[in-house]
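The lines below spell out each chain.
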Amino acid sequence: MQVTITVNGSAETHEVEPRLLLVHFIREKAGLRGTHWGCDTSNCGTCVVWLDGKPVKSCTVFAAMADGHEVRTVEGLEQGGQLDPVQEGFMECHGLQCGFCTPGMLMTARALLDANPDPSEHEIREAISGQLCRCTGYENIVRSVRWAAEKEASGPVTESEKPVEATA
Amino acid sequence: MQVPAPFTYERATSVEHAIELLGQLGPEARVVAGGHSLIPMMKLRLARPDALVDINALGAELGQIRVDGTDLVIGALTRHADLLRSAVAGEHFPIFHDAEKVIADPVVRNFGTVGGSLCQADPAEDLSAVFAAVDAVAVLRGPGGVRQVPVRELHIGPYETVLAPDELLIELRVRIRPGGGSAYEKVERRVGDYAVAAGGAAIWLDGDTVSGAGIGLTAVGAEHFAAPEAEAALVGQPATDESFRAAGRIAADNCNPTADQRGPVDYKRHLAAELTTRALRRAAARARGQEA
């Protein structure tokens, strides 16, 4: 069957078997390898992408079920060459260790901050409870998400707020 | 990579169309909504349907939560996350929020559905016990029309329901009665796991006397996920801790847990008693307005 899925804004039309999973459509058909797949049983959360704006485990959705729908993957977080604050947070606070769970963590964290811009540590831990980090690096992941929340709360730095450079 | 066996995929555009497709495709076709129980089973080849009928496009018909007269109505295609967020469901039956907080994990709850949980008929499924506790009615629709089946008669065994192959679960109806409270208590090994055991309670008080009670149990081999002997013993009794503990003991005596990787029989029976007692205590506190 032929399916068309809009991935990060571009329509991807491919001939697929009905049993092809969305995660494999994204990786093999759309050629976007940022979405990882791990446990294959909906437990680990590394395959999380957004389907119509909501995080889902793409190893448990058939590509056929996403036909005509919108998917956003980790490659779609960066906008116009600017990293998403959540991506920056993971860099600043060492939220990556081996990095395998990172794409799913980023997608879930971005959705959390969209719904709740000022989450408590408990709320962050609850939101990522379906995401397993095999390095057990949760402390820094939680810090990374908080970093992003704080950066977004402080807003973009305007010209008048920039430190005045000393002139000779 | 785990790959399901091949199947034919059809997308339903209306409830009528879904029923028509199920009729055409025969008894080896399955309905897929969230798919979070079915698809892992298909990957493991524990389920091998010939065809899938995707009902995800029927949200407008099947995805609503509303009050209709004296009933709270929950559409079969309601996502777990939406039931967790629903103010109207939480206001009338806080048990739904208690349970939804501990069903799978937040990402799974975005796609998994209420109807899918009930129709999967997993013996350790949470919502079956919840809907048994509040004594809900399931509305089924087939080619011949609509029929209503009490949730306590919906399941006829593990992974088996009374639904005909060409019938679709449309919605769940729960009668709203004044003076009630409800709660759900679950013990799980880790986030997202099925229960080791869980107990749900709905209670109605007439002053300090229990005028009505519903008790649901999951993962402990309770027939129809319910504990009717404990309910019968509770009605007419004072709403005290002693009565709740007695009801918990009766519920535990009348269930039939099996030993597995989640624990031995004695532990599960102990949990059945304790969680029933706690759920009743919390439901009663809510009925008295002592806990939101």
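The name an unreviewed UniProt entry gives chain B is Carbon-monoxide dehydrogenase medium subunit, with Asanoa ferruginea as the organism.

Going by what an unreviewed UniProt entry lists, chain A is known as Carbon-monoxide dehydrogenase small subunit and is assigned to Asanoa ferruginea. Per its UniProt entry, chain A bears the Pathway (unreviewed entry) comment "Alkaloid degradation; nicotine degradation."

**Q** What am I meant to see in the interface of chain B and chain A here?
**A** It is common to give the size of an interface as the accessible area that goes away when the parts come together. Tallying the contact residues gives 31 residues for chain B and 30 residues for chain A. Put simply, chain B and chain A have two salt bridges between them. One salt bridge connects Lys43 of chain B with Asp40 of chain A, and the closest N-O pair in it is separated by 2.7 Å. Our enumeration of links across chain B and chain A arrives at nine residue pairs in polar contact (both at pLDDT 80 or more). Those elements that place two or more of their residues in the side of chain B that touches chain A are strand E1 (8-11), helix H2 (38-43), strand E3 (51-54), helix H4 (80-85) and helix H7 (106-111) of chain B. At five residues, H7 of chain B tops the list of elements feeding residues into the side of chain B that touches chain A. By residue class, the composition of the side of chain B that touches chain A is 18 nonpolar, six polar and seven charged.

**Q** Would you mind going over empty space enclosed by the protein with me for this structure?
**A** Unfilled space is identified by rolling a water-sized probe across the atoms. Residues and elements named next belong to chain A. Taken as a whole and assessed by the stated rule, the structure comprises one cavity of 30 Å³ or more. Taken as a whole, the largest cavity spans an internal volume of roughly 40 Å³. If you trace the largest cavity, you find it lined by Gly95, Leu96, Gln97, Cys98, Gly99, Phe100, Cys101, Thr102, Cys133, Cys135, Gly137 and Ile141.

**Q** Help me understand the side chain of His14 of chain A in this model?
**A** All names here are of chain A. Relative to the elements of secondary structure, His14 occurs in strand E2 (residues 10-15). Among the polar contacts made by the side chain of His14, one reaches the side chain of Glu12 at a distance of 2.8 Å. Polar contacts involving the side chain of His14 include one to the main-chain carbonyl oxygen of Lys29, which spans 3.3 Å. The residues contacting His14, other than those within four sequence positions of it, are Met1, Gln2, Val3, Phe25, Lys29 and Ala30.

**Q** Just checking my understanding: could you explain the domain arrangement of chain B for this structure?
**A** Residue and element names in this part refer to chain B. Assigned domains of chain B: these are domain 1 (8-54), domain 2 (63-175) and domain 3 (180-287). Counting from both sides, the interface comprises 22 residues of domain 2 and, opposite them, 26 residues of domain 3. Both faces combined, the contact of domain 2 with domain 3 buries some 1900 Å², and carbon together with sulfur accounts for 59% of it. There are four salt bridges connecting domain 2 and domain 3.

**Q** Quick question: what am I supposed to make of the domain arrangement of chain A here?
**A** Residues and elements named next belong to chain A. Partitioning chain A into domains gives domain 1 (2-76) and domain 2 (85-154). On a C-alpha basis, the centres of domain 1 and domain 2 stand 21 Å from each other. On the side of domain 2, 15 residues touch domain 1, which itself brings 15 residues to the contact. Together, the buried faces of domain 1 and domain 2 total about 1100 Å²; carbon and sulfur atoms form 64% of this surface. A per-residue breakdown of the area domain 1 buries against domain 2 is headed by His36, Trp50 and Val74, which together make up 41% of the total. Our count for the domain 1 to domain 2 interface comes out at zero salt bridges. If you list the elements that add at least two residues to the side of domain 1 that touches domain 2, you get strand E3 (48-51) and strand E4 (54-57). Its residues placed into classes, the side of domain 1 that touches domain 2 shows six nonpolar, seven polar and two charged.

**Q** I tried to follow unusual backbone geometry on my own but got confused; where do I start?
**A** Among all residues except glycine, the phi angle is most often negative; among peptide bonds, the trans geometry is most common. A positive phi angle is found at Asp52 of chain A, which is not glycine, with a value near 50°. Mapped onto the secondary structure, Asp52 of chain A falls in the loop between E3 and E4. On the basis of relative accessibility, which here comes to 43%, the residue Asp52 of chain A falls in the partly exposed class. Located in the positive-phi region is Arg45 of chain B, a residue other than glycine, with phi close to 60°. Counting through the fold element by element, Arg45 of chain B comes out in the loop between H2 and E3.

**Q** Would you take a moment to explain the sheet that holds E4 of chain A for this structure?
**A** The strands making up a sheet are joined through hydrogen bonds of the backbone, oriented either antiparallel or parallel. Residues and elements named next belong to chain A. On the basis of which strands lie adjacent, the open sheet formed by five strands has the order E2-E1-E5-E3-E4 and mixed pairing. Whereas interior strands pair on both sides, the edge strands pair on one side only; in this sheet they are E2 and E4. For this sheet, the mean angle separating the axes of adjacent strands, direction not counted, is 40°. Pairing of strand E1 (residues 2-7) with strand E5 (residues 70-72) involves two bridges; the strand directions are parallel. In the strand pairing of E5, Thr6 is matched with Glu70. Against the sheet, helix H3 (residues 102-115) makes contact with E3, E4 and E5, and its axis sits at roughly 45° relative to E3, the strand it touches most.

The rules we used
- Residues numbered from 1 in each chain as written.
- Chains lettered and ligands numbered in written order.
- Predicted model: local features only at pLDDT ≥ 70, side-chain atom pairs only at ≥ 80, totals over all residues.
- Heavy atoms only, no water.
- UniProt positions renumbered as here; feature names shortened; annotations may be inferred.
- Contact = heavy atoms within 4.5 Å.
- Salt bridge = Lys/Arg side-chain N within 4 Å of Asp/Glu carboxyl O.
- Polar contact = N/O pair within 3.5 Å; in protein donor to acceptor, adjacent residues only side chain to side chain.
- Helix = DSSP H or I, 4+ residues; strand = E, 2+ residues; numbered from the N terminus.
- Nonpolar A, V, L, I, M, F, W, Y, C, P; charged D, E, K, R; others polar.
- 1 Å grid on protein atoms, 1.4 Å probe; cavity = no way out; pocket = protein on both sides within 12 Å on 5 of 7 lines; lining within 4 Å.
- Points joined across faces, edges and corners; volume = space filled by probe spheres on them.
- Domains from an automatic or database assignment.
- Buried area = accessible area lost by both parts, 1.4 Å probe.
- Buried < 20%, exposed > 50% of the residue type's maximum accessible area, 1.4 Å probe, protein only.
- Pairing = 2+ DSSP bridges.
- Axes fitted to C-alpha atoms, helices over the stretch in contact; angles between N-to-C directions.

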